[in-house]
Amino acid sequence: MPKEARPGTGEQARKHALAQLRQAILLGEMVPAQRLVENELAERFDVTRASVRAALIELESEGLVERIRNRGSRVRVVTVEEAVAITECRMALEGLCAAKAAVAATEDQLTELAELGSAMSKAVAEGEPLVYSGLNHELHGRIREFSGQQVAVELLERLNGQLVRHRFQLALRPGRPQQSLSEHLAMIDAIRARDPQAAEAAVRGHLAGVIDAVRR
């Protein structure tokens, strides 16, 4: 890019490299165990190696990158055991968010959840697992947003980033979208009924199903 259009050096360049790297990992463009070579990334994002190195250090703290002694950095591989442990933490935090959303959500927000449920049902009926996966991700995000529990939201964003690969794998597993659809619709129904206990129980039930699926 032209020199004047570069993100520059220092904090601006670090943020640019961080945003680009995080997005590539979360979208699955960079896969688990893929090496992250500082020189190549610096050229790709048109920033300095120091900016890339600082971004990699921050992504390591988020659990998305791991540094291997004498071998540099790579996209972190999340084992099945780790995925289960992370999902167990999600059960507590997402259950809390669902309970809060059942109380705090506006009528317009409840309508939005119902529309997402309809779109998810349509995706399953039409055999579109990746569309369903995207809507699934959006639904969980909306519930977190509507809860107003910002601390839980921030913690969940960090946890969920580590599960991207497992989420895609589950989405493509035959029969999995059909199985989880009823669980998601139960979550939506409980929140729309403004029943915090039922909403939390529905989320916990759904994530227990996710753990069972991940272990298979």
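Remember, it's a predicted structure, so these values are computed and weren't measured experimentally.

Basis of the calculations
Residues numbered from 1 in each chain as written. Predicted model: local features only at pLDDT ≥ 70, side-chain atom pairs only at ≥ 80, totals over all residues. Heavy atoms only, no water. Helix = DSSP H or I, 4+ residues; strand = E, 2+ residues; numbered from the N terminus. Buried < 20%, exposed > 50% of the residue type's maximum accessible area, 1.4 Å probe, protein only. Contact = heavy atoms within 4.5 Å. Areas by Shrake-Rupley, 256 points an atom, 1.4 Å probe, with all protein chains shown as cover. Salt bridge = Lys/Arg side-chain N within 4 Å of Asp/Glu carboxyl O. Expected span 1.5 Å × (residues − 1). Arc of directions from axis to C-beta. Axes fitted to C-alpha atoms, helices over the stretch in contact; angles between N-to-C directions. Parallel < 35°, antiparallel > 145°, perpendicular 65-115°, else oblique. Left-handed = near helix turned anticlockwise from the far one by under 90°. Nonpolar A, V, L, I, M, F, W, Y, C, P; charged D, E, K, R; others polar. Pairing = 2+ DSSP bridges. Polar contact = N/O pair within 3.5 Å; in protein donor to acceptor, adjacent residues only side chain to side chain. pLDDT = per-residue confidence, 0-100.

Section: the overall build of the protein
- The number of helices and strands found in the protein is 10 helices and three strands.
- Based on the C-alpha atoms only, the size of the protein along its principal axes is roughly 55 × 35 × 30 Å.
- Across the 216 residues in the protein, those meeting the buried criterion constitute 44%.
- Sequence-distant contacts in the protein: of pairs separated by 6 or more residues, those separated by 24 or more amount to 75%.
- Looking at the protein as shown, the accessible area adds up to about 11300 Å², and 51% of this sits on carbon and sulfur atoms.

What to know about the pattern of salt bridges
- Under the criterion given, the structure shown has 15 salt bridges.
- With its nearest N and O atoms 2.6 Å apart, the salt bridge here joins E66 to R74.
- A relative accessible area of 19% means that E66 is categorised as buried.
- On the accessibility criterion, R74 (27% relative accessible area) is partly exposed.
- What you see here is one network of salt bridges that share partners, running through E112, E138, R142 and E145.

A few points about helix α3 (residues 49–61)
- A rise of 1.5 Å per residue sets the reference length of α3, with its 13 residues, at 18 Å; its end C-alpha atoms lie 19 Å apart and thus fit the reference within 8%.
- Residues of α3 that are buried: S51, V52, A55, L56 and L59. Seen along its axis, α3 keeps its buried residues to an arc of 135°; they face one direction.
- Each element contacted by the buried residues of α3 is listed here: α1 (10–26), β1 (35–36), α2 (38–45), β2 (65–68) and β3 (72–75).

A look at the packing of α1 against α3
- Axis separation between α1 and α3 bottoms out at 8 Å; the angle between their running directions is 50°. Taken together, the axes of α1 and α3 lie oblique to each other. Crossing geometry of α1 relative to α3 is assigned as right-handed. Residues G10, A13, R14, A17, L18, L21, R22 and I25 of α1 lie in contact with α3, whose contacting residues are S51, V52, A54, A55, L56, E58 and L59.
- The class makeup of the residues in the contact of α1 with α3 is 10 nonpolar, two polar and three charged.

A word on the sheet that holds β1
- Across the sheet, which stays open at both edges, the three strands sit in the order β1-β3-β2 with antiparallel pairing between neighbours. Of all the strands in the sheet, the pair left with one neighbour each is β1 and β2.
- Two elements, β1 and β3, share two bridges in a ladder whose sense is antiparallel. Of the residues in β3, the one forming a bridge with R35 is R74.

Some points on the side chain of S147
- Along the chain, the position of S147 falls in helix α6 (residues 129–147).
- Side-chain polar atoms of S147 contact the backbone oxygen of R144, separated by 2.6 Å.

Examining the pairing of β3
- Here four bridges tie β2 to β3, and the two strands are oriented antiparallel to one another. Note on β3: the bridge partner recorded for I68 is G72.

Observations concerning the environment of Q179
- Along the chain, Q179 falls in helix α9 (residues 176–192).
- Q179 gets classed as partly exposed once you look at its relative accessible area, which sits at 34%.
- Here the alpha-carbon distance between Q179 and L130, two residues 49 residues apart in the chain, equals 15 Å.

Some points on the confidence of the model for the protein
- Looking at the protein, the pLDDT average stands at 89 and 94% of residues meet or exceed 70.
- The least confident element of the protein, judged by mean pLDDT, is helix α8 (residues 164–171) at 70; the most confident is helix α5 (residues 107–125) at 97.
- This model gives residues 1–5 a pLDDT under 50, and the stretch forms three contacts once residues within four places in sequence are excluded.

Considering the packing of α2 against α3
- Close contact between α2 and α3 brings their axes to 8 Å; oriented N to C, the two are set at 110°. As the angle between them shows, α2 and α3 are arranged roughly perpendicular. For the pair α2 and α3, the contacting residues are E38, N39, L41 and A42 in the first and R49, V52, R53 and L56 in the second.
- Looking at the contact of α2 with α3 residue by residue, the classes come out as four nonpolar, one polar and three charged.

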